[in-house]
Amino acid sequence: MDALALPLERYLSDPALVPLARKVEAGERLTWEDGLTLYRSPDLNGIGAMAHSVRLRLHGRKAYYVVSRRLSYTNICYTHCQFCAFQAKPGDPRAYALSADDIIRELEKPENAGVRELHMTSGHNPKLKVEYFEDLFRRLKVRFPSIHLKVFTMIEMDYYARISGLSTEAFLDRCVAAGLESCPGGGAEIFDPEIRERICVGKKDARIWLDTAALCHRKGIPTNCTMLYGHIEEDRHRVDHLLQLRELQDRSRAAGYQGFLAFIPLAYQNEDNELSRTHTIHETTGARDLREIAVARLLLDNIPHIKAYWVMITPGLAQVGLNYGADDLDGTVIAEEIAHDAGAKTPQGLSRQDLERLIREAGCEPLERDNLYRVY
Ligand code: V47
């Protein structure tokens, strides 16, 4: 297994990081205070070296990607997230809801040949009940049996269960029986209730997100997890968020479940949404984005994979992120909407060749994976 050539301390310029580096080398867990130190230290490269050493220990120089397709079945949303530019209210000329036929027709287009993962998250549309999803998943599995169905944020699952008049468990059971295989990590935003109230008033709280993720884990459905950063939150809110994810993963793992597969830091995109109209919030910077990747790798010692999500931080920076703790570039994505509606300037998709070149030039070995990180 690859390792850094020198003892970790030799890569640090901030003495405050030395005790943390010793813990990282000994495989010891970092604390809440350590998390704050990581956010406040000026030594970005030192933090990156620590995160990279963990990444090398876990994955060597392997860097994963998936040939994936994003699709949102509706943008109609009755929840009001101030950071979201994707949502539309009924009557808005942008509002849409796709039928199963629309989705199948879309996936039959030549640009989707070879897609292995269908990642679907959407608005909260009261017209879509469990029967819609059962029919959709069954038909997708018949038409595209080899495409993995990764659908619903935890908040969507809670919403669609409630409007279907079902418990979340009953809703999940029916969706799994119809073909649902895993869930993406969105909707977590920031767990702190005060910040949550200011960026997504009325959205279900952290407890619902975490309990729904725990339920998925117990049912053997792996999920991802995310954190939306770079808006009005502070260092302590991010540490709190990451440690709540770590705690849940401890519980899922202790009970023998796979739990979270990957964590994805989501850089706030600051255009065309209410939060950016009412607050002055600058775009996140490269240093900030790299630090989020590295801090996540260091604090989330029980989550196997950290993604550098090129859609939100640019392909070039995501590539550098592979040497700051990340081991996964997510994927081809093909038709991303949520970040692009909020001002992302990145392409809406990358080819397999683009991803492999980015990975190779970062000094890593590209591996095309499936949703469970099995390599093709
Ligand atoms: O749920 C919405 C967030 C999420 C904005 O699981 C925003 O593999 C930034 O969850 N700026 C969707 N973020 C993206 C997502 C995701 C991405 C990549 C991989 C995976 C995975 C999941 O994006 C939403 C919300 O939390 N979001 N608006 C915005 N303006």
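Chemist: Got a sec to walk through the overall build of the chain? Specific residues and values, please.
Modeler: Along the backbone of the chain there are 16 helices and 9 strands. Computed over its C-alpha atoms, the radius of gyration of the chain comes to 20 Å, within 12% of the 21 Å expected for a compact globule of 376 residues. Structurally, the chain occupies a C-alpha span of about 60 × 45 × 40 Å along its principal axes. In the chain, which comprises 376 residues, the proportion classed as buried is 61%. When contacts within the chain are restricted to residue pairs at least 6 apart in sequence, those whose partners lie at least 24 apart make up 75%. Both charge centroids of the chain, one from 48 positive and one from 54 negative side chains, sit 3 Å from each other.

Chemist: Describe in detail the pattern of salt bridges, supporting the description with residues and values.
Modeler: Enumeration according to the criterion identifies 37 salt bridges in this entry. Among the ionic pairs, Arg238 bridges to Asp235, the shortest N-O distance being 3.3 Å. Of the two residues, Arg238 and Asp235 both sit in helix 10 (residues 235-254), 3 residues apart, roughly one turn of that helix. Taken individually, Arg238 and Asp235 each receive the classification buried, so the pair is uniform in this respect. Through salt bridges that share partners, Arg40, Glu233, Asp235, Arg238, Arg288 and Glu292 make up one connected network.

Chemist: Talk me through helix 5 (residues 130-143); I want residue IDs and the actual numbers.
Modeler: Across its 14 residues, helix 5 extends 20 Å between first and last C-alpha, which sits within 8% of the 20 Å expected from 1.5 Å per residue. All buried positions along helix 5 are accounted for by Val130, Tyr132, Phe133, Glu134, Leu136, Phe137 and Leu140. Elements in contact with the buried residues of helix 5: helix 4 (100-107), strand 3 (117-120), strand 4 (148-151), helix 6 (154-163) and helix 7 (168-178).

Chemist: How would you explain empty space enclosed by the protein if you had to name every residue and give the values?
Modeler: A water-sized probe, rolled over the atoms, reveals where empty space remains. Tallied over the full model, the rule gives 3 cavities of 30 Å³ or more. If you trace the largest cavity, you find 45 residues lining it, with Thr121, Gly186, Gly187, Leu266 and Ile338 closest to the centre. The set of elements that each furnish at least two residues to the lining of the largest cavity consists of strand 2 (68-71), strand 3, helix 6, strand 5 (223-229), strand 6 (260-267) and helix 15 (338-341). Residues of the lining of the largest cavity, tallied by class, amount to 21 nonpolar, 15 polar and 9 charged.

Chemist: Please give an account of the site of the ligand that cites residues and values.
Modeler: As a structural note, the neighbourhood of the ligand is formed by 23 residues, with Phe83, Lys150, Gly185, Glu189 and Lys307 the closest of them. In the environment of the ligand, an oxygen atom lies 3.3 Å from a nitrogen or oxygen atom belonging to the backbone of Gly186. Note that a nitrogen atom of the ligand is positioned 2.9 Å from one of the backbone N or O atoms of Gln269. Burial of the ligand by the protein chains amounts to 96% of its free accessible area of 620 Å².

Chemist: Give a description of the state of the cysteines that names residues and reports values.
Modeler: As enumerated under the stated definition, the model contains 0 disulfides in all. Not engaged in a disulfide, the cysteine Cys81 finds its nearest cysteine sulfur in Cys200; these two sulfurs lie 4.9 Å apart. Cys81 sits in the buried class, given a relative accessible area of 7%. No disulfide involves Cys175; its nearest neighbouring cysteine sulfur is the one of Cys183, lying 8.9 Å away.

Chemist: Can you break down the packing of aromatic side chains residue by residue, with the values?
Modeler: Any aromatic ring pair is given by two values, namely how distant the centres are and how the planes are angled relative to each other. Across all of its chains, the model carries 14 aromatic pairs by this definition. Residues Tyr132 and Phe133 carry aromatic rings whose centres are separated by 5.0 Å and whose planes lie at 85 degrees to one another, so their mutual orientation is edge-to-face. The same class applies to Tyr132 as to Phe133, namely buried. Relative to Phe137, the ring of Phe133 lies with its centre 6.1 Å away and its plane at 40 degrees, an arrangement referred to as tilted. Within this pair, Phe133 and its partner Phe137 are both found in helix 5, separated by 4 residues, close to a single helical turn. The ring centre of Tyr376 lies 3.4 Å from the NZ or CZ of Arg116, which sits over that ring. In this structure, Arg238 packs its charged tip against the face of Tyr39, placed 4.5 Å from the ring centre.

Chemist: Talk me through the sheet that holds strand 1 (residues 62-66); I want residue IDs and the actual numbers.
Modeler: Read across the sheet, 3 strands follow the order 8-1-9 without closing on themselves; strand pairing throughout is parallel. This sheet does not close on itself; its edge strands, each paired only once, are strand 8 (328-331) and strand 9 (365-368). Neighbour-to-neighbour, the strand axes of the sheet open up by a mean angle of 25 degrees, direction not taken into account. In this sheet, strand 8 lies alongside strand 1 in parallel orientation, the contact comprising 2 bridges. Bridging from a neighbouring strand, Tyr64 pairs with Asp328 of strand 8. Relative to the sheet, helix 16 (residues 352-361) contacts strand 1, strand 8 and strand 9, its axis offset from that of strand 1 by approximately 165 degrees.

Procedures and definitions
- Residues numbered from 1 in each chain as written.
- Predicted model: local features only at pLDDT ≥ 70, side-chain atom pairs only at ≥ 80, totals over all residues.
- Heavy atoms only, no water.
- Helix = DSSP H or I, 4+ residues; strand = E, 2+ residues; numbered from the N terminus.
- Rg over C-alpha atoms; globule rule 2.2 N^0.38 Å.
- Buried < 20%, exposed > 50% of the residue type's maximum accessible area, 1.4 Å probe, protein only.
- Contact = heavy atoms within 4.5 Å.
- Lys, Arg positive; Asp, Glu negative; His and termini not counted.
- Charge placed at Lys NZ, Arg CZ, Asp CG, Glu CD.
- Salt bridge = Lys/Arg side-chain N within 4 Å of Asp/Glu carboxyl O.
- Expected span 1.5 Å × (residues − 1).
- 1 Å grid on protein atoms, 1.4 Å probe; cavity = no way out; pocket = protein on both sides within 12 Å on 5 of 7 lines; lining within 4 Å.
- Points joined across faces, edges and corners; volume = space filled by probe spheres on them.
- Nonpolar A, V, L, I, M, F, W, Y, C, P; charged D, E, K, R; others polar.
- Near = heavy atom within 4 Å.
- Polar contact = N/O pair within 3.5 Å; in protein donor to acceptor, adjacent residues only side chain to side chain.
- Areas by Shrake-Rupley, 256 points an atom, 1.4 Å probe, with all protein chains shown as cover.
- Disulfide = S-S within 2.5 Å.
- Phe/Tyr/Trp six-rings, centres within 6.5 Å; stacked < 30°, edge-to-face > 60°.
- Lys NZ or Arg CZ within 6 Å of the ring centre and 35° of its normal.
- Pairing = 2+ DSSP bridges.
- Axes fitted to C-alpha atoms, helices over the stretch in contact; angles between N-to-C directions.

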